[in-house]
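Here's the letter readout for the chains.
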Amino acid sequence: GESVGLHLPTLSVQEGDNSIINCAYSNSASDYFIWYKQESGKGPQFIIDIRSNMDKRQGQRVTVLLNKTVKHLSLQIAATQPGDSAVYFCAADAEGPGSARQLTFGSGTQLTVLP
Amino acid sequence: DVKVTQSSRYLVKRTGEKVFLECVQDMDHENMFWYRQDPGLGLRLIYFSYDVKMKEKGDIPEGYSVSREKKERFSLILESASTNQTSMYLCASSFTGNYNEQFFGPGTRLTVL
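Residues numbered from 1 in each chain as written. Chains lettered and ligands numbered in written order. Predicted model: local features only at pLDDT ≥ 70, side-chain atom pairs only at ≥ 80, totals over all residues. Heavy atoms only, no water.

K.L.:
What am I meant to see in the interface of chain A and chain B here?
P.N.:
Note on interface size: it is often stated as the accessible area lost on association of the parts. Opposite the 22 residues of chain A that make contact, chain B presents 24 residues. Across the chain A/chain B interface, buried area totals approximately 1900 Å², and carbon plus sulfur atoms make up 59% of it. Where chain A meets chain B, there are zero salt bridges. Every element with two or more residues in the side of chain A that touches chain B is listed here: strand E4 (32-38), strand E5 (45-51) and strand E10 (101-105) of chain A. Split by residue class, the side of chain A that touches chain B holds ten nonpolar, eight polar and four charged. (Contact = heavy atoms within 4.5 Å. Buried area = accessible area lost by both parts, 1.4 Å probe. Salt bridge = Lys/Arg side-chain N within 4 Å of Asp/Glu carboxyl O. Helix = DSSP H or I, 4+ residues; strand = E, 2+ residues; numbered from the N terminus. Nonpolar A, V, L, I, M, F, W, Y, C, P; charged D, E, K, R; others polar.)

This is the structure:
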């Protein structure tokens, strides 16, 4: 089955610097990927997604890069702010029964923004 | 504003009790999911449902059952709670089809004593 792993369980960055969070997946049939942000005491919230026919997608201060050759994706956060402190998960999709798409999640990277 | 709600934020139960966790979504989503979240293990899928009265086992279904009698409601049942079921439980929902994100509820922190 699919496995998804994050490279670092924790990451500390200075406020104002850029953050890069990495993720690897195993199933080459996965064609949709999502990054979620989870703040303490809350459920995961959607940040940005990317389809497998794209290499890069940009949002507001966030960019996701997808390298299908090595099955790797990354989340870049520009000008990291204190409010960005959270756990970040990547997820890769797979087909399930009844046309339901399942997501396999990585274990998460705790991002801490230092003043 | 789209919303997934869970019946309790915090719950404390005793070993052997039957526990019900309720989840309701107001987005008319076909699919609903129950995950548990433990430190270092990420989100693990317990059960999911792609239609009313339909259910499928996820990666860790042992010790759990589910019920989906209405489209908007998906219940997770612990028939006889055990201490190793102490965890954060997250419900999510999504539309059927490709490229659809899952929307999550706030989670229920369950402690089994």
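K.L.:
I tried to follow the sheet that holds strand E8 (residues 73-78) of chain B on my own but got confused; where do I start?
P.N.:
Each strand in a sheet pairs with another by means of backbone hydrogen bonds, the pair being arranged parallel or else antiparallel. Residues and elements named next belong to chain B. Sheet architecture is open: four strands sit in the order E1-E3-E8-E7, paired in antiparallel fashion. Sheet topology places strand E1 (4-6) and strand E7 (64-70) at the edges, where each strand pairs with a single neighbour. Put simply, the sheet's adjacent strands are angled 20° from each other on average, direction ignored. The pairing of E1 with strand E3 (residues 19-25) spans three bridges and is classified as antiparallel. Its bridge partner being in E3, Thr5 is matched across the sheet by Val24. (Pairing = 2+ DSSP bridges. Axes fitted to C-alpha atoms, helices over the stretch in contact; angles between N-to-C directions.)

K.L.:
Just to check I follow, could you spell out the environment of Pro39 of chain B for this structure?
P.N.:
With respect to the helices and strands, the residue Pro39 of chain B is situated in the loop between strand E4 (31-38) and strand E5 (42-49). With 28 residues separating them in the primary sequence, Pro39 of chain B and Leu11 of chain B have C-alpha atoms 18 Å apart.

K.L.:
Looking at this structure, I do not really get the nonpolar core. What am I missing?
P.N.:
The tendency in soluble globular proteins is for nonpolar side chains to be buried side by side. Among the nonpolar cores identified, the biggest contains 22 residues, and Tyr25, Phe33, Trp35, Leu73, Leu75, Tyr88 and Leu111 of chain A are the most heavily contacted of them. Sorting the residues of this core by element identifies strand E2 (10-14), strand E3 (19-25), E4, E5, strand E7 (62-67), strand E8 (72-77), strand E9 (86-95) and strand E11 (109-114) of chain A as the ones contributing at least two each. For this core, the element with the highest residue contribution is E9 of chain A, accounting for four residues. Within the second largest apolar cluster, 21 residues are counted, among which are Leu11, Tyr64, Phe74 and Leu76 of chain B. (Core = buried A, V, L, I, M, F, W, Y, C linked by side-chain atoms within 4.5 Å. Buried < 20%, exposed > 50% of the residue type's maximum accessible area, 1.4 Å probe, protein only.)

K.L.:
Sorry, what's going on with the packing of aromatic side chains here?
P.N.:
Geometry of an aromatic ring pair is reported as the spacing of the ring centres plus the angle between the planes. Throughout the structure, instances matching the rule amount to nine aromatic pairs over all chains. A ring pair is formed by Tyr25 of chain A and Phe33 of chain A, whose centres lie 4.6 Å apart and whose planes are at 50°; its orientation type is tilted. For Tyr25 of chain A, a relative accessible area of 7% corresponds to the buried category. Taking relative accessible area as the criterion, Phe33 of chain A reaches 1% and is therefore assigned buried. Note on Phe33 of chain B and Phe48 of chain B: the rings are 5.9 Å apart at their centroids and 20° apart in plane angle, and the pair reads as stacked. Highlighted residues: Phe33 of chain B in strand E4 and Phe48 of chain B in strand E5, separated in sequence by 15 residues. Exposure class is identical for Phe33 of chain B and Phe48 of chain B. Each is buried. Members of the aromatic cluster, each reached through a chain of ring pairs, are Tyr36 and Phe105 of chain A together with Phe33, Tyr35, Phe48 and Phe104 of chain B. (Phe/Tyr/Trp six-rings, centres within 6.5 Å; stacked < 30°, edge-to-face > 60°.)

By themselves, these are just geometric observations and shouldn't be taken as functional.
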